[in-house]
Amino acid sequence: MRWGVAWSSLLRVLFVIYCVEAGLFLVIAPWREFWNLLVTRSALSQAHLGTFLMLPWVRGAVTGFGFVHLIWGIHDLERMLLSRRRAAPRAPIPEPDRVG
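Because the structure is predicted, anything quoted here is derived from the model rather than measured.

Engineer: Give a detailed account of the overall build of the protein chain, specifying residues and quantitative values.
Structural biologist: Along its length, the protein chain carries 4 helices and 0 strands. Overall, the protein chain shows an N-to-C arrangement of helices and strands of α-α-α-α. Taken over 100 residues, the protein chain has a buried fraction of 23%. In the protein chain, once contacts between residues fewer than 6 apart in sequence are set aside, the share between residues at least 24 apart is 73%. Within the structure as shown, the protein chain displays about 8300 Å² of accessible surface, and the carbon and sulfur contribution to it stands at 69%.

Take a look at the structure:
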């Protein structure tokens, strides 16, 4: 196996892991209590950005962005698995014995 192919595969796997983890975080985080704590106890609340981040439609937008990450990660995982399946050598199908 060439090093370029190995690095490419490793980067694809890492990208899939990143997309799934970031997607799950962005889908769940805006609706949990720690989001409220993070926004109210950070410098964001002094800049009036905290109020903006607490709006339900902003939380929904962050959740939607998380779903985009999840779909992207699942799509890349599927592509990666299909390309491995195509590249795998297939055993020839034996022909049945013909009588007569």
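Engineer: So what's going on with a nonpolar patch on the surface? Which residues, and what values?
Structural biologist: On the surface, a cluster of nonpolar side chains totalling about 560 Å² of accessible area is made up of Trp7, Leu10, Leu11, Val13, Leu14 and Ile17. By secondary structure assignment, the location of Val13 is in helix α1 (residues 3-28).

Engineer: Provide a residue-level description of the environment of Leu49, including the pertinent values.
Structural biologist: Residue placement: Leu49 occurs in helix α3 (residues 49-53). Measuring from C-alpha to C-alpha, the distance between Leu49 and Val39 comes to 8.4 Å, with 10 residues separating the pair along the chain.

Engineer: Could you give me a rundown of the nonpolar core, with the residues and numbers involved?
Structural biologist: Core analysis: the largest hydrophobic core is formed by 7 residues, namely Leu26, Ala29, Trp35, Val39, Leu53, Val58 and Val62. Breaking this core down by element, the ones donating at least two residues are α2 (33-40) and α4 (56-87). The contacts of Val58, once residues within four sequence positions are left out, are Phe52 and Leu53.

Engineer: Quick rundown of α4? Include the residues and the values.
Structural biologist: Residue pairs spaced three or four apart in an α-helix point in one direction, given the helix's 3.6 residues per turn. Along its 32 residues, α4 runs 47 Å from first to last C-alpha, staying within 8% of the 46 Å computed at 1.5 Å per residue. Within the span of α4, buried status applies to Val58, Arg59, Val62, Thr63, Gly66, His69, Leu70, Gly73, Asp76 and Met80.

Engineer: Go over the confidence of the model for the protein chain, please, and point to the residues and values.
Structural biologist: Parts of the prediction with low pLDDT should not have their coordinates interpreted in detail. Of all residues in the protein chain, 88% attain a pLDDT of 70 or more, and the chain-wide mean is 85. No element of the protein chain has a lower mean pLDDT than α3, which averages 84, and none a higher one than α4, which averages 92.

Engineer: Describe the packing of aromatic side chains, naming the residues involved and giving the relevant values.
Structural biologist: Inspection of every chain in the model, using the stated rule, returns 4 aromatic pairs. Here the aromatic rings of Phe15 and Tyr18 are separated by 6.3 Å at their centres, their planes lie at 40°, and the arrangement is tilted. You can see Phe15 and its partner Tyr18 sitting in helix α1, 3 residues apart, about one turn around the helix. Taking the relative accessible area as the measure of exposure, Tyr18 reaches 45% and is therefore partly exposed. Consider the rings of Phe15 and Trp72, whose centres lie 5.3 Å apart with planes at 75°: the pair is edge-to-face. Of this pair, Phe15 sits in helix α1 while Trp72 sits in helix α4; the two residues are 57 residues apart in sequence, bridging distant segments of the chain. For Phe15, a relative accessible area of 28% corresponds to the partly exposed category. One aromatic cluster is present, built from ring pairs that chain together Phe15, Tyr18 and Trp72.

The rules behind these values
Residues numbered from 1 in each chain as written. Predicted model: local features only at pLDDT ≥ 70, side-chain atom pairs only at ≥ 80, totals over all residues. Heavy atoms only, no water. Helix = DSSP H or I, 4+ residues; strand = E, 2+ residues; numbered from the N terminus. Buried < 20%, exposed > 50% of the residue type's maximum accessible area, 1.4 Å probe, protein only. Contact = heavy atoms within 4.5 Å. Areas by Shrake-Rupley, 256 points an atom, 1.4 Å probe, with all protein chains shown as cover. Patch = residues over 30% accessible without salt bridge, like charges linked within 9 Å, V, L, I, M, F, W, Y side chains within 5 Å. Salt bridge = Lys/Arg side-chain N within 4 Å of Asp/Glu carboxyl O. Core = buried A, V, L, I, M, F, W, Y, C linked by side-chain atoms within 4.5 Å. Expected span 1.5 Å × (residues − 1). pLDDT = per-residue confidence, 0-100. Phe/Tyr/Trp six-rings, centres within 6.5 Å; stacked < 30°, edge-to-face > 60°.

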